Amino acid sequence: MKNLRLAIRSLLHFRLYSAVNVLGLALSLACVIVIARYVHNETTVDRFNSRLDRIYVTTQESTNRTGEIKFSGIFNRNRETTFVDLRKAPAVERSTNFIYYDDQEMQSGENRYTIRSIVTDTSFLKILDYPILAGSGDLSAPDNILITEAFARKVFGESDPLGKQLTYNVQGKTVTVTGVIGPIRTKSTLTFDVIVPMSHIRMWSQVEETLVLLHPNQDYRAVNEKYSGFFEMKIWDYSIRYQLFPLRKVYLDHTILDYGIFQHGKRSSIAVLSLVGLLIGLVGVFNFINIYTAVILRRGREFGMKKVFGAPGGQVFLQLLIENLLMIALALLIALALTELLNPVVRNLLGFDQMPFRQFDALLAFGLLIGLPLVTTFFPFVHYNYAAPVKSLQSVGKTGGRSSARRLFLTFQYILTIGMIAVSLLFLKQLHFMLHADLGFSTAGIIKVPILKNIDSFDHNGGADRWREISKKEETIRQRLAASPLFIEYSMGGSPVHPKLNTSNFRLGEGDNELKPLTMLAGDEKWLKLFGLELTQGRFFNDEQENFYTYHLMLTESALPYMGITDIRTDRIQPESRWWWSYDRKEEMKTNPAYEIVGVVRDFYPSHLGIQTPPIVIMFDNGGYYSNPVLAKVAPGKRQEAIEFMRRLHEEMTGGEFTYTFIEDDVKALYAEDRKVATVYGIFTGIAIAISVLGLFSLSLFDIQQRRREIAIRKVNGATTGNVLGLLLKRYLYLLLIAFVIAVPLAWFAIQRYLENFARKTAVSWWIFAVALLVTAGVSLLTLIRQTRKAASADPARVIRSE
């Protein structure tokens, strides 16, 4: 108790330094804890499944796509005789197919909701451990439906959802809620609101996915090896094979093509934030050690007197240890409180709700409460315990001692701060470059409205009558758009802006020439003019001459040398396999002619500028597929009227929830993750600067108080305030310049590593490093100048008398 009282008394005596030290460490620990929870959240996806190491999804690899693999379910609708079903392998315990929709609708009374749905069977919940809170997970009856707890609250409030009926927009059928799915303890690659039985409708338009559960102690690589052979798809004139891919790797994988079914994270974001957390942790720890070391120097008289009066070394060591334990424990408590208090801010910035990472929290607490106090206690204890009492007494008021260690720690803080500011500025510069680059096509004022999206869920058994109805609706939409003065151009084609565009292989001419991938887009004459593509050779598509089955295409300029094309009038390119098929054209399906190049447009970039994509080929498509959105360029100043026009048209055609976006917003959405990383990194850099300023404030205050008598004597001998400022700031400027020389190559290396994955990148300008130096120097020097001017302005006589 005596040592505890002495420790508390010492901390209160130096309360300003103690408070700054605790606050700086608390800020850094709060950042480290938040980042650790984010990284844990991103690296433990799907861990709510107790058998995750045995769960796999299937991929499809085809001979017509060089090196391209996509997530795809196992099926053999064409009844190919060479098909071998991987699901029947002895190693497979259970399997199921499912379909994912993210734009279905469900109605309860007069209210309609856009939902994300999984269409599957009962085996789905026997493979994945989604908890059933109420009812059962049975999907054997076609009119049963399972809903999540969150969706149940949204629709039914606090009332019991079991037995309630909903209208699913698939054929307008009524379904009954028979089960409620509860929340899961980790993030999942699959997000949905409802689970619908596969038997609910005979025909689904989306491609199925397959989940496979292997028996214990089975190696999926052995299964893949056994089923590594390709089987022929005669209707497409190429071969495919199915393989297993671990579900636990899906979230962070970007090598396999995914059509928006699974959620994906970015390893680069995890790596960047992990590094930021490490740097901020180091800044906080070094700041803590630096300030405490400086305070210990001022307490030389206290330790000298203790030795004179016979205080044992163990008592001094224990007092120092308790002081550090109290400060670190308080900092840890403040940090944990801050993480909970700022959870809404964290949710907006990082997009996740913090879940306690107990193992890390325990490890951090152990390391801080055991390791850090020993480090900060050991060196001061050794210094004063083995020094003569008179030396300890003489050290009071001197700036020697452990000043070299303080300078080293301060230099390290400067290096980290300059480096983090430079990298943060680069993030912002690259983001600005991508958001304001010339994409080569028009995006301003183009609205995208999926008016007929729900047609995809209508009764497919309606046959020719249903398709005639759809065609009639399409024609009505075209007529309304053409007649409206609210729109300059319109098209029924798909949007070119997409985070991951499809590619297909082409060769020059016909025969055995080398196959090369091209990025696939499709549009008609209206589509080309809507996006303002610039024609450089040949002509645009002609909607009166071309149709879906003509062998005409257009290329971008970079595709010409890439494919070896010298004259578009005579050269042809051939797809590896037909890109369209039709049961009505069986004889034509047997051929695969080369395509005529009718025109060339200037290069344009519809995908993320950081992703390397092949040159673009544009196939003719007049938007005849009913799920394509309506695209229209809004007349200047008519945005709100145009949105209302589209709302009425949507209500007339299909009804339900009205959604729209503008293409320019879709382009910005491509960089949402980049914007988040830049924002988060900038905030954490600001926090690192604040921690450094707190430390610098304490150190400068300490140094100036140690040199008050020296400053007073210099003032008596005629030194001006400017002279004193120059004297005291000089060594900090030296440290800052040394830190700058070290930080620049380190930051340059980090920047180059970050940019190496970008296909198109901004220049690394010299001013990034200059600004980093100026910001660090400005903040530091302002702190120092304020303390120095205060000391230099004091009455010299009063200072000398008080010393």
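Residues numbered from 1 in each chain as written. Predicted model: local features only at pLDDT ≥ 70, side-chain atom pairs only at ≥ 80, totals over all residues. Heavy atoms only, no water.

A. Quick look at the overall build of the chain. Counting its secondary structure elements, the chain contains 22 helices and 23 strands. Residues counted as buried form 51% of the 803 residues belonging to the chain. Contacts in the chain between residues at least 24 apart in sequence constitute 80% of all its contacts with a sequence separation of at least 6. Here the chain has roughly 36900 Å² of accessible surface; of this, 57% comes from carbon and sulfur atoms. (Helix = DSSP H or I, 4+ residues; strand = E, 2+ residues; numbered from the N terminus. Buried < 20%, exposed > 50% of the residue type's maximum accessible area, 1.4 Å probe, protein only. Contact = heavy atoms within 4.5 Å. Areas by Shrake-Rupley, 256 points an atom, 1.4 Å probe, with all protein chains shown as cover.)

B. Examining the pairing of strand S20 (residues 595-601) more closely. In terms of burial, S20 is largely enclosed, as six of its seven residues are buried. Of the strand pairs in this sheet, strand S17 (residues 535-538) and S20 are connected by three bridges, and their pairing is antiparallel. In the strand pairing of S20, glycine 538 is matched with glycine 599. Bridging between strand S18 (residues 552-556) and S20 involves five bridges; their strand directions are parallel. (Pairing = 2+ DSSP bridges.)

C. Inspection of the side chain of aspartate 193 at higher detail. One can find aspartate 193 in the loop between strand S8 (174-181) and strand S9 (194-197). Owing to a relative accessible area of 12%, aspartate 193 belongs among the buried residues under this scheme.

D. Local environment of the environment of phenylalanine 740. Assignment of secondary structure puts phenylalanine 740 in helix H20 (residues 721-755). Here phenylalanine 740 falls in the partly exposed class, since its relative accessible area comes to 21%. Residues in contact with phenylalanine 740, not counting those within four places in the same chain, are Ile418, Phe769 and Leu773.

E. Region of interest: the packing of aromatic side chains. Taken as a whole and assessed by the stated rule, the structure comprises 22 aromatic pairs. With 6.0 Å between their ring centres and 75° between their planes, phenylalanine 71 and phenylalanine 245 make a pair best called edge-to-face. Residue phenylalanine 71 is located in strand S2 (residues 69-71), and its partner phenylalanine 245 is located in strand S12 (residues 238-246); the two are separated by 174 residues in the primary sequence. For the pair shown, phenylalanine 71 and phenylalanine 245 are each scored as buried. Over the face of the ring belonging to tyrosine 562 we find lysine 516, whose NZ or CZ atom lies 5.3 Å from the ring centre. If you follow arginine 639 out to its NZ or CZ, it ends over the ring of phenylalanine 662, 3.8 Å from the centre. (Phe/Tyr/Trp six-rings, centres within 6.5 Å; stacked < 30°, edge-to-face > 60°. Lys NZ or Arg CZ within 6 Å of the ring centre and 35° of its normal.)

F. Inspection of the sheet that holds strand S13 (residues 446-449) at higher detail. With respect to topology, four strands assemble into an open sheet ordered S14-S22-S13-S23, the strand pairing being antiparallel. The open sheet has two edge strands with one neighbour each: strand S14 (487-491) and strand S23 (661-662). The strands that helix H16 (residues 639-653) touches are S13, S14, strand S22 (630-634) and S23; relative to S22, the one it contacts most, it runs at about 155°. (Axes fitted to C-alpha atoms, helices over the stretch in contact; angles between N-to-C directions.)

G. Just the confidence of the model for the chain, in detail. In this model, the chain carries a mean pLDDT of 80, and residues with pLDDT of at least 70 account for 80%. In the model, residues 396-402 has pLDDT below 50 throughout and makes 13 contacts with residues more than four positions away in sequence or in other chains. Here residues 456-461 scores under 50 on pLDDT; set against residues more than four positions off or in separate chains, the count is 16 contacts. (pLDDT = per-residue confidence, 0-100.)

H. The nonpolar core, seen in detail. Core analysis: the largest hydrophobic core is formed by 80 residues, its most contacted members being Phe427, Phe531, Leu533 and Ile618. Looking at this core, the element that brings in the most residues is helix H12 (residues 403-435), giving 13 residues. Among all residues touching leucine 533, those that are not within four sequence positions of it are Gly440, Phe441, Trp527, Leu528, Phe540, Val601, Phe604 and Ile618. By size, the runner-up hydrophobic cluster in this structure holds 27 residues, among which are Phe48, Ile118, Tyr130 and Leu139. (Core = buried A, V, L, I, M, F, W, Y, C linked by side-chain atoms within 4.5 Å.)

I. Here's a closer look at unusual backbone geometry. Of note in the backbone geometry, aspartate 46 takes a positive phi value of approximately 70° without being a glycine. In this fold, aspartate 46 is placed in the loop between helix H2 (15-43) and strand S1 (55-62). Phi at asparagine 217 is positive, roughly 65°, even though this residue is not glycine. For asparagine 217, a relative accessible area of 82% translates into the label exposed.

J. A look at H16. With 15 residues, H16 extends 21 Å from end C-alpha to end C-alpha; this agrees with the ideal 21 Å at 1.5 Å per step. Every buried residue belonging to H16 is among Ala642, Ile643, Phe645, Met646, Leu649, His650 and Met653, and all of these are buried. Mapping the buried residues of H16 onto a view down its axis gives an arc of 160°, with all of them on the same face. Facing away from the buried side of H16, by more than 90 degrees, are the exposed residues Gln640 and Glu651. Among the residues trailing H16, glycine 655 stands out with phi positive, at a value near 75°. (Expected span 1.5 Å × (residues − 1). Arc of directions from axis to C-beta.)

K. Broad picture of the pattern of salt bridges. Considering all chains together, one arrives at 21 salt bridges under this definition. Here glutamate 93 and arginine 54 are joined by a salt bridge, their closest N and O atoms 2.5 Å apart. Linking glutamate 93 in strand S3 (residues 92-108) with arginine 54 in the loop between H2 and S1, this pair joins segments that are 39 residues apart in sequence. The class of glutamate 93 is partly exposed, set by a relative accessible area of 35%. The residue aspartate 543 makes a salt bridge to lysine 526 at a minimum N-O spacing of 3.7 Å. On the criterion of sequence distance, the pair formed by aspartate 543 in the loop between S17 and S18 and lysine 526 in helix H14 (residues 525-530) is long-range, its members being 17 residues apart. By relative accessible area, lysine 526 is classed as partly exposed at 29%. Taken together, the shared-partner salt bridges connect Asp85, Arg87 and Lys88 into one network. (Salt bridge = Lys/Arg side-chain N within 4 Å of Asp/Glu carboxyl O.)

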